[in-house]
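Here's the letter readout for the chains.
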Amino acid sequence: MKLVRYGDMGAEKAGLMDGDTLRDLTAHVADITGDMLDDATLDKLRAIDPSTLPAVSGSPRIGTCVGNIGKFLCIGLNYSDHAAETGAAIPEHPILFFKANSAIVGPNDDVVMPRGSTHTDWEVELGVVIGKTAKYVSKENALDYVAGYCVINDVSERHFQTQLTGQWTKGKSCDTFGPTGPWLVTRDEVGDPQNLAMSLDVNGTRMQTGNTSTMIFTVAEIVEHLSGLMTLHPGDVITTGTPPGVAMGMKPEPIYLKVGDVMDLTIQGLGNQRQEVGQDA
C-alpha cells in the first residue's frame, strides 16, 4: 500500500494511492500516525477494495506521510561512496544525530533557508518508519518492526553543521529541512530495502545518483543498533544516509543552494519530491 496524508498543513487527512488516483481513507482511519501502523491495522486496510473509496478531487497539498512523528533519527556518512567524496573515514558504528520535529514538512513544500545561510545542501535519503515498539531487536528480525519506507530530503546547512560549536543537529534542524513523503509505502510492497535506486536533481541537473546497496549499515543493522540504545516507537522515523553528489563534496569548490533553485528527488517505488528554495528575511 501507498498511504498518503493530504490537505492543508496541520489539517491533513488519511488517503490511499490507487494507481495514480488519490482516494480518501478517512472512513477507516482519520490520519496516518504511529498508533495505526501495527500489522493488524495495516492488514485491515489492505483488505479494502480501493475502488470503493471516494476519489479526492483537485490537486490537494500532500503532507508528510506520517503525522505526529515521535523521534526523527538520522544516520550520517552511511554510504561508502559518499564518505569517500567527503574524505571521511568509514565509521565503525552508525553515526546518529537528530532533526527537530519543527523541520518536518511535506514533500513538495518550500525549503526555506534560515537567516545567514550560505551553505545549504541537499541529501536524498531512504526513510524508515517504525510500525511497532522495538527494544533490543536483532538484525535478523529488525525489518518486522518496520511499517514502511519513504523519501526524505535531509537538507543541511553545512556552516551551521560544522562551524558552529556543538552537534550536527544545528545544521540539520532548521525549519523546513525535513521534507518527508510523498507516501508511506508498506514494507510488503517495497521488498528488499537494500536495492533501491535513488537520485536528486537541482534545476534539472542530476547531482546525486545512488543505490541503497552501497549503505555501510543496512536498515536492519540500523534498527538493531538504535533499538539497543533507546526504545523505538510506532511513528518514529529514521533517515538512513545519502549517496554521493552533495554540494559539500564538489570539487574544486562547492556550489550550494540559492533562492529559486528547485530540487527533484526520487527513490525507486517510493515516489518523488519537488521543492523550491526560499530564504527567511
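Just so it is clear, the structure is predicted and the values come from calculations on it, not from any experiment. (Residues numbered from 1 in each chain as written. Predicted model: local features only at pLDDT ≥ 70, side-chain atom pairs only at ≥ 80, totals over all residues. Heavy atoms only, no water.)

### Overview of the overall build of the protein chain
Helix and strand counts for the protein chain stand at six helices and 18 strands. Here the C-alpha atoms of the protein chain give a radius of gyration of 18 Å, agreeing with the 19 Å that 2.2 N^0.38 yields for 281 residues. Its C-alpha atoms put the protein chain at 55 × 45 × 30 Å along the principal axes. For the protein chain, long-range pairs separated by at least 24 residues make up 75% of all intrachain contacts whose partners lie at least 6 apart in sequence. Looking at the protein chain as shown, the accessible area adds up to about 11,600 Å², and 51% of this sits on carbon and sulfur atoms. Positive and negative side-chain charges in the protein chain, numbering 21 and 36 respectively, have mean positions lying 2 Å apart. (Helix = DSSP H or I, 4+ residues; strand = E, 2+ residues; numbered from the N terminus. Rg over C-alpha atoms; globule rule 2.2 N^0.38 Å. Contact = heavy atoms within 4.5 Å. Areas by Shrake-Rupley, 256 points an atom, 1.4 Å probe, with all protein chains shown as cover. Lys, Arg positive; Asp, Glu negative; His and termini not counted. Charge placed at Lys NZ, Arg CZ, Asp CG, Glu CD.)

### Details of the sheet that holds strand β15 (residues 205-211)
Spatial strand order, β7-β18-β17-β14-β15: five strands in an open sheet with mixed pairing. A strand with exactly one partner marks an edge of an open sheet, and here the two such strands are β7 (111-113) and β15. Between one strand axis and the next, the sheet turns by 20° as a mean value, whatever way the strands run. Both strand β14 (residues 197-202) and strand β17 (residues 262-267) contribute to a ladder of five bridges, which runs antiparallel. From the neighbouring strand, Leu200 faces β17, where its bridge partner is Leu265. (Pairing = 2+ DSSP bridges. Axes fitted to C-alpha atoms, helices over the stretch in contact; angles between N-to-C directions.)

### With respect to the sheet that holds strand β3 (residues 21-24)
Sheet architecture is open: nine strands sit in the order β3-β2-β1-β13-β10-β9-β16-β4-β5, paired in mixed fashion. Here the strands that pair on one side only, and so sit at the sheet edges, are β3 and β5 (95-98). Here the strands of the sheet are splayed against their neighbours by 30° on average, with no regard to which way each runs.

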